[in-house]
Amino acid sequence: MGKVHFSYLFETLEDAYPSPKKFEVCRHSDGEGQGVRTLVPFIRGQLVSRITGLLSSQRKLHTLQVNETTHLYDPHFSGMLLHSCSPSLMVDMKRLEIFALRDIEAGEFLTMDYASTEDVLARQFKCGCGSDGCRRWITGFRELPNREGMAYLAEVSAGRKTLTAKS
């Protein structure tokens, strides 16, 4: 995992915004894309960071939904948070703040559940978070899996049935 340049619009204004002292954006261990890794620990309930970005009417990669018609584009920090079905963070889009859902150790990649902020995703995808409650296919809160997702979930379900029958 190589370090990637970290730059955030408000990193010099105050300690509550992301800074290279607390976070780094780097390639995830699976080699697929980048994520935000914390350089400092956080305790459950602690404010991890405030966020900012450009407001847009378009939904795209690296945006977070503010309301039905507005999205916050931040390809430098909050838009780089990785997904997990059992996330380490809660993103409050009304206050534009991120809080720790559990204790987070220095060196961990920060994760959120994309369905907690997005009604519809820019792109649905296969989940590999490995959590006990993993949904296997990630969609927005108000959408059903697309054709690819339905096929993948059927394949996963068939695979489970085969494994159960062999046990």
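Reading the values: the criteria
- Residues numbered from 1 in each chain as written.
- Predicted model: local features only at pLDDT ≥ 70, side-chain atom pairs only at ≥ 80, totals over all residues.
- Heavy atoms only, no water.
- 1 Å grid on protein atoms, 1.4 Å probe; cavity = no way out; pocket = protein on both sides within 12 Å on 5 of 7 lines; lining within 4 Å.
- Points joined across faces, edges and corners; volume = space filled by probe spheres on them.
- Helix = DSSP H or I, 4+ residues; strand = E, 2+ residues; numbered from the N terminus.
- Nonpolar A, V, L, I, M, F, W, Y, C, P; charged D, E, K, R; others polar.
- Core = buried A, V, L, I, M, F, W, Y, C linked by side-chain atoms within 4.5 Å.
- Buried < 20%, exposed > 50% of the residue type's maximum accessible area, 1.4 Å probe, protein only.
- Contact = heavy atoms within 4.5 Å.
- pLDDT = per-residue confidence, 0-100.
- Phe/Tyr/Trp six-rings, centres within 6.5 Å; stacked < 30°, edge-to-face > 60°.
- Lys NZ or Arg CZ within 6 Å of the ring centre and 35° of its normal.
- Pairing = 2+ DSSP bridges.
- Axes fitted to C-alpha atoms, helices over the stretch in contact; angles between N-to-C directions.
- Salt bridge = Lys/Arg side-chain N within 4 Å of Asp/Glu carboxyl O.

Caption draft 1: Looking closely at the layout of surface pockets. Here the largest pocket is characterised by a volume of approximately 960 Å³. Forming the boundary of the largest pocket are 33 residues, of which Leu 82, His 83, Tyr 114, Arg 123 and Phe 125 lie nearest the centre. Of all the elements in the fold, those that place two or more residues in the lining of the largest pocket are β6 (63-67), β8 (82-83), β11 (111-112) and β12 (125-126). Here the lining of the largest pocket is composed, by residue class, of 14 nonpolar, twelve polar and seven charged.

Caption draft 2: Broad picture of the nonpolar core. In terms of nonpolar packing, the biggest core is built from 19 residues, with Val 36, Val 48, Ile 51, Leu 81, Val 91, Ile 98 and Leu 110 touching the most fellow members. Mapped by element, the contributors of at least two residues to this core are β2 (23-27), β9 (89-92) and β10 (97-100). Ignoring any residue separated from it by four or fewer positions in sequence, one finds Val 36 in contact with Phe 23, Glu 24, Val 25, Phe 77, Met 80, Leu 81, Glu 108, Phe 109 and Leu 110. Counting residues in each nonpolar core, the second largest holds five residues, with Cys 85, Cys 127, Cys 134 and Ile 138 among its members.

Caption draft 3: How the structure looks around the confidence of the model for the protein. Per-chain confidence: the protein averages 87 in pLDDT, with 83% of residues scoring 70 or above. Per-residue pLDDT stays below 50 along residues 163-167; that stretch engages in zero contacts with residues further than four places along the chain or on separate chains.

Caption draft 4: Layout of the packing of aromatic side chains. All chains considered together, the criterion is met by four aromatic pairs. Consider the rings of Phe 23 and Phe 42, whose centres lie 6.1 Å apart with planes at 10°: the pair is stacked. With Phe 23 in strand β2 and Phe 42 in the loop between β3 (34-38) and β4 (47-50), this residue pair connects regions lying 19 residues apart in the sequence. Across the pair, Phe 42 and Phe 23 agree in class, each one buried. Positioned over the ring face of Tyr 73 is Lys 60, at 4.5 Å from the centre of the ring.

Caption draft 5: Looking closely at the sheet that holds β4. Strand order in the open sheet made by the three strands is β4-β10-β9, with antiparallel pairing throughout. Every interior strand has two partners, whereas the edge strands, β4 and β9, have only one. Between one strand and the next, the sheet's axes are offset by a mean angle of 20°, whatever the strand orientation. Note: β9 against β10, four bridges, orientation antiparallel. Note on β10: the bridge partner recorded for Met 90 is Phe 99.

Caption draft 6: Expanded view of the pattern of salt bridges. Tallied over the full model, the rule gives six salt bridges. Of the charged contacts, one joins Glu 108 and Arg 102 as a salt bridge, the two residues approaching to 2.9 Å between their closest N and O atoms. The residue Asp 119 makes a salt bridge to Arg 142 at a minimum N-O spacing of 3.4 Å. Of this pair, Asp 119 sits in the loop between β11 and β12 while Arg 142 sits in the loop between β13 (137-138) and α1 (147-166), placing them 23 residues apart in sequence. What makes Asp 119 buried here is its relative accessible area of 19%. By relative accessible area, Arg 142 is classed as exposed at 62%.

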